[in-house]
Amino acid sequence: MTQFLKALAAAKRFWEYKRYPSARGVEVEITGACNARCYYCQVGYDNLKQIRHEKKAYLSVDEFQRMIRFLKEHGFLTKGDRLVLNVWNEPCLHPEFSKIIKIGHQEGCLMSLNTNGSIRPRISDDFDAVSIGNVGFSMPGFSQASYDRIHQFDFERIKSNIEWIVKTFREHGCFGFFMLRFHVYRFNVHEIEPARKWAQSLGVCFQPYYAYINDSLRMQQYLRGELSGEYLANVSKDLFMDRHCAYSRREACCVCDFMSNVYIDVDGFVIHCCLDSTRMGCLTDFESPEQLVKAHRNSRICKKCLADLNHCVMRPSPVDGYVLEKQRVTSKYLYQALKTCFL
Ligand code: SF4
Ligand code: SF4
């Protein structure tokens, strides 16, 4: 019975989200680190090279609550917006994960998160996942050999953790969407199909896309032909940047939809976006979403990014023969939701 009530609560919350037109993403880093060592990502690269940044380990539950209330009071977070619990870092590392979700739920937020699946979040018996609208899993391949090259985690443990997260979140009333974001490299093309079948067996949307240089500084150097020899050699060996750039040119535009989102780091500073973590000011410096959009438009970093087309190149590009499965209420989703009711 409880699961049916949770299904109704989730349906009501999803409906509210659809009814309000904003659908802005408000991304808040609840932790200060990611534990993976992905060479082509700016966070993973720093981890690999042991470059340390002075940051808080995580946002306390009280700080999180104050932040959410400020965002709501000033119109940054409405019923039609999504609260994402990370920008770059690993949200499942938060020691009070359940409490963060509880606060988000009490404040009426529809939440989502992205994880590398390396750790099972700490959850309490009364964990309520009804306000989690989607969970993304990023995977750099579907074998230990691929994991050794990018994330550097134990592949079997990752699979087991992802299976656990999907099952446990559903058992605790999550009727949202799960997505497997499969990063396609030159060395893992043959692993796309096994990963797709595994995702299908879990009722998870499969979203393969070409991996790219997820590092704004090095992407700019790449586009200007200024990358160091070693890095460029690795890019040529591992990535399909040619396909990626060709796709991005077709999609190129002179406005950036990230400007209307809100990105906040673990220390409470507003950063430009999920591509560039340069700070724009303290959250309380901004009184309205319009003021933040204006600050983006005037930002030297945004002007340069728009001129260089960085914002177009650093986006997922589809993989031949596959479609990115969308989060839609299809018969597959309804089947899964029905099964969840009986968990
Ligand atoms: S790509 Fe994702 S998992 Fe890898 S280091 Fe970057 S943020 Fe972490
Ligand atoms: S223009 Fe570039 S830096 Fe500015 S918000 Fe968009 S992607 Fe980020």
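To keep things clear, this report deals only with the structure shown in the data block.

### Some remarks on the packing of aromatic side chains
By the definition in use, this model includes 20 aromatic pairs. Aromatic side chains Tyr147 and Phe155 sit 5.5 Å apart centroid to centroid with 35° between the ring planes, which places their arrangement in the tilted category. Among the residues examined, Tyr147 registers a relative accessible area of 0% and is labelled buried. For Phe155, a relative accessible area of 6% puts it in the buried group. Connected via pairs of aromatic rings, a cluster forms that spans Tyr39, Tyr40, Tyr45, Tyr185, Phe187 and Tyr231. Over the face of the ring belonging to Phe187 we find Arg149, whose NZ or CZ atom lies 4.1 Å from the ring centre. One Lys or Arg, Arg218, reaches over the ring of Tyr45 and ends 3.9 Å from the middle of that ring.

### Focus on the site of ligand 2
Residues in contact with ligand 2, as listed here, are Cys256, Phe258, His272, Cys273, Leu275, His296, Cys302, Cys305 and His311. Looking at side-chain class alone, the shell around ligand 2 contains six nonpolar, three polar and no charged residues.

### Re the site of ligand 1
Inspection of the region around ligand 1 gives Cys34, Ala36, Cys38, Cys41, Gly44, Trp88, Asn116 and His151 as its neighbouring residues. Looking at the shell around ligand 1 residue by residue, the classes come out as five nonpolar, three polar and no charged.

### As for helix H3 (residues 61–73)
Compared with an ideal rise of 1.5 Å per residue, which puts 13 residues at 18 Å, H3 spans 18 Å between its outermost C-alpha atoms and is within 8% of the ideal. Buried residues of H3: Val61, Phe64, Gln65, Met67, Ile68, Phe70 and Leu71, and no others. Contacts from the buried residues of H3 go to strand E1 (25–28), strand E2 (82–84), helix H4 (97–106) and strand E7 (262–264). Once H3 finishes, Gly75 follows within two positions and takes phi at roughly 80°, a positive value.

### Here we look at the environment of Leu113
Mapping Leu113 onto the fold places it in strand E3 (residues 110–115). By relative accessible area, which is 1% here, Leu113 ends up buried. Separated by 215 residues in the primary sequence, Leu113 and Arg328 place their C-alpha atoms 18 Å from one another. Here Leu113 is in contact with Leu85, Asn86, Pro91, Cys92, Phe97, Ile132, Asn134, Val135 and Gly136, once residues within four sequence places are set aside.

### Description of the side chain of Asn188
Along the chain, Asn188 falls in the loop between strand E5 (177–184) and helix H7 (192–202). Among the polar contacts listed, one links the side chain of Asn188 to the backbone oxygen of Pro140, at a separation of 3.1 Å. A polar contact of 2.8 Å, which involves the side chain of Asn188, links it to the backbone nitrogen of Tyr185. If sequence neighbours within four positions are ignored, Asn188 has contacts with Pro140, Gly141, Ser146, Phe182 and His183.

### Details of the pairing of strand E6 (residues 205–210)
The side chains of a regular strand alternate, residue by residue, between the two faces of the sheet. Taken across its six residues, E6 has six buried, putting it largely inside the fold. Burial along E6 is two-sided: the residues Cys205, Gln207 and Tyr209 and Phe206, Pro208 and Tyr210 are all buried. Direction of pairing for E5 relative to E6: parallel, over a ladder of six bridges. Its bridge partner lying in E6, Val184 is registered against Tyr210.

The rules we used
Chains are numbered independently. Their residues run from 1 in the order of the written sequence. Key to labels: chains lettered from A, ligands numbered from 1, both in the order written. Per-residue local features are limited, in this predicted model, to residues with pLDDT of at least 70; the limit for side-chain atom pairs, both in listing and counting, is 80 or more; totals at the level of whole chains, interfaces and linings are taken over all residues. Water and hydrogen atoms play no part in the side-chain values, which are based on all heavy atoms of the structure. Stacked, edge-to-face and tilted labels apply to pairs of Phe, Tyr and Trp rings (six-membered ring for Trp) whose centres lie within 6.5 Å, assigned for plane angles under 30 degrees, over 60, and everything in between, in that order. When accessible area is computed with a 1.4 Å probe and restricted to protein chains, residues below 20% of their type maximum are described as buried, those above 50% as exposed, and intermediate ones as partly exposed. Lysine and arginine charges are scored as sitting over a ring when NZ or CZ, respectively, is within 6 Å of the ring centre and within 35 degrees of the ring normal. Being near a molecule or strand, for a residue, means having at least one of its heavy atoms within 4 Å of it. Put simply, Ala, Val, Leu, Ile, Met, Phe, Trp, Tyr, Cys and Pro go in the nonpolar bin, Asp, Glu, Lys and Arg in the charged bin, and everything else, Gly too, in the polar bin. The helix count covers DSSP runs of H or I at least four residues long, the strand count covers runs of E at least two residues long, and both are numbered beginning at the N terminus. Expected span, for any helix, means 1.5 Å times one less than how many residues it has. Pairs of residues are marked as contacts when any of their non-hydrogen atoms sit within 4.5 Å. Any N or O atom pair separated by 3.5 Å or less is treated as a polar contact, with the protein-specific requirement of one donor-capable and one acceptor-capable atom, and with residues adjacent in sequence counted only for side-chain atom pairs. By definition, two strands form a pair when at least two bridges between them are found by DSSP.

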